[in-house]
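Remarks on the overall topology
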Amino acid sequence: MITFAFYFFAILISILFLITVMSSNVLYAMTSLAAGMVLISGLFFMLGADFLGVVQLIVYVGAVMALYSFAMMFFDTSKNVKEKNSSALAVFVLGGAIALLLVLIFAAPMIGHGQNALHPAIIDATNPQSVGMVLFTKYLVPFEVAAIMLLVAMVAGIILAGKKMDQSLSTMDTTEVTEESIRSTK
């Protein structure tokens, strides 16, 4: 039964992420991305990693929903997305490099089959306790670096959003908004 559920989730996740990549409509892409993230958390729950499943739901699905909200607010969702491919060679080289990287990532567990973990499992620890022990011992520096990078990205986003809004558009009437948009495009 678990094997069937795994393949069912895997097929649905693959289909949803293909819709995300292939869709030219922003709202369809965001909806399928959020649904795919929810199904990935289902895989974690099936594997017994309840903590990771909840983190997947809260962090990633929450982030996708925030992205979804911003996409609805800032983009004209009635238009389709058009890509500008200036070089087919660059697309081919990048696609090949990504495919090679994926092969190496999936082959790494088979290559390092006989290696032992640096931190043995704690006997009576729950799933969140085990994740916390490894995260705050072995992976403390990458965890802190990721936190600093997120802080820098948040501050940069606030600064960039503040520079674009020199004047509030909600206090202007329609003619002033069109004049302002004409001035900003020149």
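Let us look at the structure shown here. Computed from a prediction, not measured in an experiment: that's the story for all the values here.

**Structural notes on the packing of aromatic side chains**
Geometrically, a pair of aromatic rings is defined through the distance of the ring centres and the angle of the planes. Considering all chains together, one arrives at 3 aromatic pairs under this definition. Taking the centre distance of 6.1 Å and the plane angle of 20 degrees together, the rings of F4 and F8 count as stacked. In this pair, F4 and F8 are both assigned in helix α1 (residues 2-22), 4 residues apart and thus about one turn of the helix distant. On the basis of relative accessible area, F4 is assigned to the exposed category, the value being 57%.

**What about the environment of V21?**
Topologically, V21 is positioned in helix α1. Judged by its relative accessible area of 62%, V21 is exposed. Spatially, the C-alpha atoms of V21 and S32 are 9.5 Å apart, while their sequence positions differ by 11 residues.

**Quick word on the side chain of Q56**
In this structure, Q56 sits in helix α3 (residues 50-74). Within the structure, the side chain of Q56 is placed 3.4 Å from the backbone oxygen of M37, a separation counted as a polar contact. Beyond its immediate stretch of four places on either side in the chain, Q56 contacts M37, I40, S41, F44 and V61.

**Quick word on a nonpolar patch on the surface**
On the surface, a nonpolar cluster with roughly 600 Å² of combined accessible area is contributed by V38, F45, V54, L57, I58, V59 and Y60. Elements with a minimum of two residues in the nonpolar patch: α2 (26-46) and α3. Among the elements that make up the nonpolar patch, the one with the highest residue count is α3 (5 residues). Here V38 is to be found in helix α2.

**Side note on the nonpolar core**
V26, M30, L33, A34, M37, V61 and V64 together form the largest nonpolar core, which totals 7 residues. Tallying contributions element by element places α2 first for this core, with 5 residues. Counting 5 residues, the second-largest nonpolar core is a separate cluster that includes F9, I13, L39 and L43.

**Describing the side chain of T20**
Among the structural elements, T20 can be located in helix α1. From its side chain, T20 meets the backbone oxygen of A29 in a polar contact 3.5 Å long. Each residue touching T20, except ones within four places of it in the same chain, is listed here: A29, S32 and L33.

**A short note on α2**
Here α2 contains 21 residues, and its C-alpha end-to-end distance of 31 Å stays within 8% of the 30 Å for a straight helix at 1.5 Å per residue. For α2, the complete set of buried residues consists of V26, A29, M30, S32, L33, A34, G36, M37, L39, S41, G42 and L43.

**Points about the packing of α1 against α2**
Each packed pair of helices is defined by two parameters, the angle between the axes and the distance between the axes. The interhelical angle for the contact between α1 and α2, taken along N-to-C directions, is 160 degrees, at an axis separation of 8 Å. Between α1 and α2, the angle is such that the two are roughly antiparallel. Regarding α1 and α2, the two cross each other, and that crossing is left-handed. The residues of α2 that touch α1, namely those facing I2, A5, F6, F9, L12, I13, L16, F17, I19 and T20, are Y28, A29, S32, L33, A35, G36, M37, L39, I40, G42, L43 and M46. Of the residues that constitute the contact of α1 with α2, the class distribution is 18 nonpolar, 4 polar and no charged.

Scoring rules and cut-offs
Residues numbered from 1 in each chain as written. Predicted model: local features only at pLDDT ≥ 70, side-chain atom pairs only at ≥ 80, totals over all residues. Heavy atoms only, no water. Phe/Tyr/Trp six-rings, centres within 6.5 Å; stacked < 30°, edge-to-face > 60°. Helix = DSSP H or I, 4+ residues; strand = E, 2+ residues; numbered from the N terminus. Buried < 20%, exposed > 50% of the residue type's maximum accessible area, 1.4 Å probe, protein only. Polar contact = N/O pair within 3.5 Å; in protein donor to acceptor, adjacent residues only side chain to side chain. Contact = heavy atoms within 4.5 Å. Patch = residues over 30% accessible without salt bridge, like charges linked within 9 Å, V, L, I, M, F, W, Y side chains within 5 Å. Areas by Shrake-Rupley, 256 points an atom, 1.4 Å probe, with all protein chains shown as cover. Salt bridge = Lys/Arg side-chain N within 4 Å of Asp/Glu carboxyl O. Core = buried A, V, L, I, M, F, W, Y, C linked by side-chain atoms within 4.5 Å. Expected span 1.5 Å × (residues − 1). Axes fitted to C-alpha atoms, helices over the stretch in contact; angles between N-to-C directions. Parallel < 35°, antiparallel > 145°, perpendicular 65-115°, else oblique. Left-handed = near helix turned anticlockwise from the far one by under 90°. Nonpolar A, V, L, I, M, F, W, Y, C, P; charged D, E, K, R; others polar.

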